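Each chain is listed here by its residues.
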Amino acid sequence: MATLNPQVKAVEYAVRGPIVTKAGDIERGLQQGMKQSFTEVIKANIGDAHAMGQQPITFLRQVVALCCFPELLESPAFPDDAKQRAQRILQDCGGQSLGSYSASQGVECIRRDVADYITRRDQGVPSDWNSIYLTTGASDGIMSILKLIVSGRGTSRTGVMIPIPQYPLYSAAISELEAVHINYYLDEDDCWALDIEELQRAYLTAKQQCQPRVLCIINPGNPTGQVQSKKCIEEVLHFAYVENLFVMADEVYQDNVYSPDCQFHSFKKVLYEMGPEYFNNVELASFHSTSKGYTGECGFRGGYMEVLNMDPQVEAQLVKLLSVRLCPPVPGQAAMDVIVNPPKVHEPSYAQFIKEKSAVLDVLAHKAMLTERILNSVPGIKCNPVQGAMYAFPEIFIPPRAIQEAQSLSVAPDMLYCLRLLEETGICVVPGSGFGQREGTFHFRMTILPSPEKLELLLRQLKEFHLRFLEENIVPSAQIVLNPSRQWPSPQSSD
């Protein structure tokens, strides 16, 4: 350890942290016959849809299967539109095999399909396939952009602005690259909205110790589940234009919008609508992935990024950087192609595809409302609406006695809470301290991915645990105080 890279030691990734290690130990104990008050560990810690029982989209698996085993192209069991897509992808692969390397930027026909998808999504805003880079999930693209940009020493070191709460990939990457964390806080009182005055505060404070260069936004939000308004995005882009910031828009949950009052707006489309002065000057990288949305294909590690307004010489360095990892997994590229080029209305697979896609998104919307409703029925828990993405991030009241116990154990109070929850119920969630939160507040993140039946069971067990946790720490409900600046509604009935 003495000679280990100190930046590696500084990296933390709460989603797969000590809570998950403990959950694995308990799960192995159950398999070996160890007696617990529960029969299984419910892993609500990570957005892994298929691990939680979501079924694959048939058309996507058909196309990837055909690409992986072309002999199936002769089988009458596969529809013609799946075969046509697979043949087109294979024709662009070396030796017409998915097992060959692709270009470092990805298979050309897939990059063209991504550009066409973005143009359709953004209602005619043009996308150039030369600006599309296929990636190993969105994470690979995010890391590549940060590696490209981070530079300098001392007060000239690159600062990266990240939302708090944030997805721990960002803080881990910033630590690994020795960049400077610039935290800006989302407004929990306003459903985790992004406040432009808070951005300005964080920027001006950070300028004293570093050179702010990058602004990261996650929309829809992880872990907070909010969907940013168009007005908010316009303000953010104007701020980035004025301060010459490179914008990184993490949009992997763009298909996951549940609230009827919300709509996904891509940063690129909003930038275009702000006019040429903005659209031709603000540097923007936006990211998407096979792992989320309605497909949930995490294991394929497919993704893309679109890069706008990067200096051509810098972009050449990006291509060089990407070439070091040779290419993203080609099966993941094929999976990404199906997401951006799904069956069309006149094609044989369309009806089944739409049925499966709608079923997944409808169930997620139901579970988002169920989660919010039950959590808000518990004294000492407050959950904002889950407008999108796949997570709830409720604030929890932790009594002073429990806080003192956590301090004596040298753990965060919400870590103690989540450990107790796991040990007593088998429910695995992630403490809010792993994502960042305002001092004096405590949260946890949980996914809404378990089946509706299992999710309702999880929420009711969580409710029982929380009430027991308060009682064990001798807290009458009248003494429960969450954030004193907020107006907390009376608990709602969950029946």
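Described in the following lines is the structure provided in the data block. Everything numeric in this text was worked out from a predicted model, so none of it was measured.

Paired through their backbone hydrogen bonds, the strands of a sheet run either parallel or antiparallel. Reading across from one edge, β10-β14-β13 is the order of the 3 strands in this open sheet, with antiparallel pairing throughout. Only two strands of the sheet have a single neighbouring strand rather than two, namely β10 (391–392) and β13 (430–431). Sheet analysis places β10 next to strand β14 (residues 444–447), joined by 2 bridges and oriented antiparallel. If you follow Y391 over to β14, its bridge partner there is T447.

Let us now look at the packing of helix α14 (residues 350–375) against helix α17 (residues 452–472). The geometry of a pair of packed helices is captured by two quantities: the angle between their axes and the separation between those axes. Contact pair α14 / α17: the axes reach a minimum separation of 10 Å and the direction vectors enclose 15 degrees. When the axes of α14 and α17 are compared, the pair comes out roughly parallel. The hand of the α14/α17 crossing is right-handed. Taken together, the residues of α17 that come into contact with α14 (itself represented by V363, H366, K367, L370, T371, I374 and L375) are P452, L455, E456, L459, R460 and L462.

By the definition in use, this model includes 11 aromatic pairs. Taking the centre distance of 4.7 Å and the plane angle of 50 degrees together, the rings of Y241 and Y278 count as tilted. Pair noted here: Y241 is in helix α9 (residues 230–243) and Y278 is in helix α11 (residues 276–279), with a separation of 37 residues, a long-range link. The exposure class of Y241 is partly exposed, given its relative accessible area of 30%.

Our focus in this paragraph is the side chain of Q166. With respect to the helices and strands, Q166 occurs in the loop between β3 (158–164) and α7 (168–176). The class for Q166 is buried, based on a relative accessible area of 3%. At a separation of 2.9 Å, a polar atom in the side chain of Q166 contacts the side chain of S171.

Take the environment of L66 next. Mapped onto the elements of the fold, L66 is located in helix α3 (residues 58–68). With 197 residues separating them along the chain, L66 and Q263 place their C-alpha atoms 35 Å apart. If we ignore the near neighbours within four places in the chain, the residues touching L66 are L72, L73, F78, A82, K83, A86 and L90.

Computed from the structure, the largest pocket encloses a volume of approximately 570 Å³. What lines the largest pocket is a set of 25 residues, and nearest its centre among them are Y117, R120, R121, D255 and K357. With 4 residues, α14 is the single largest residue contributor to the lining of the largest pocket.

Counting buried residues in β3 gives 7 out of 7 residues, a clear majority hidden from the surface. Alternating residues of β3 divide into T158, V160, I162 and I164 and G159, M161 and P163, and every residue in both groups is buried. When β3 meets strand β5 (residues 211–218), the two strands line up parallel, connected through 4 bridges. Within the sheet, the bridge partner assigned to V160 lies in β5 and is V214. Following the backbone out of β3, through α7 and into the adjacent parallel strand β4 (residues 180–185), one traces a crossover that is right-handed.

If a probe the size of a water molecule is rolled over the atoms, the empty space left behind becomes visible. Counted by the stated rule, this structure contains 1 cavity of 30 Å³ or more. As a volume, the largest cavity reaches approximately 50 Å³. Here the lining of the largest cavity is composed, by residue class, of 7 nonpolar, 5 polar and no charged.

Cut-offs and rules
- Along every chain, residues carry numbers that run from 1 in the direction the sequence is written.
- Thresholds applied to this predicted model are a pLDDT of at least 70 for local features of residues and 80 or more for the giving and counting of side-chain atom pairs; totals over whole chains, interfaces and linings are not thresholded and use all residues.
- The side-chain figures draw on all heavy atoms in the structure; neither hydrogens nor water molecules are used.
- Whether two strands pair comes down to DSSP finding at least two bridges between them.
- Helix numbers and strand numbers start at the N terminus; a helix is a DSSP run of H or I with at least 4 residues, a strand a run of E with at least 2.
- All axes here are fitted lines through C-alpha atoms, helices being fitted over the stretch that makes contact, and every angle between N-to-C directions spans 0 to 180 degrees.
- Note on terminology: angles under 35 degrees are roughly parallel, angles over 145 are roughly antiparallel, angles of 65 to 115 are roughly perpendicular, and the others are oblique.
- Two helices that cross are described as forming a left-handed crossing if the nearer one is turned anticlockwise from the farther one by less than a right angle, and a right-handed crossing if clockwise.
- Between two residues, a contact is recorded if the distance between any of their heavy atoms is within 4.5 Å.
- Under the pairing criterion, centres of Phe, Tyr and Trp rings, with the six-membered ring standing for Trp, must be within 6.5 Å; the plane angle then separates stacked pairs below 30 degrees from edge-to-face pairs above 60, leaving the rest tilted.
- Relative accessibility decides the category of a residue: with a 1.4 Å probe and only protein chains considered, values under 20% of the type maximum give buried, values over 50% give exposed, and everything between is partly exposed.
- Pairing of N or O atoms within 3.5 Å defines a polar contact, subject to two protein rules: one partner must be a possible hydrogen donor and the other a possible acceptor, and residues neighboring in sequence count only if both atoms are side-chain atoms.
- Within this scheme a cavity is a closed region of a 1 Å grid, computed over the protein atoms alone, that accommodates a 1.4 Å probe without allowing it to escape, whereas a pocket is open but has protein on both sides within 12 Å along at least five of seven lines; lining residues each have an atom within 4 Å of a point.
- Grid points are joined across faces, edges and corners, and a volume is the space filled by probe spheres set on the points.
- Looking down the strands as they point away from the viewer, one classifies a crossover as right-handed if the path from the first strand across the helix to the second runs clockwise.
- Under the convention adopted here, Pro, Cys and the residues Ala, Val, Leu, Ile, Met, Phe, Trp and Tyr are nonpolar, Asp, Glu, Lys and Arg are charged, and Gly plus all remaining residues are polar.

Purely geometric numbers; function is a separate question.
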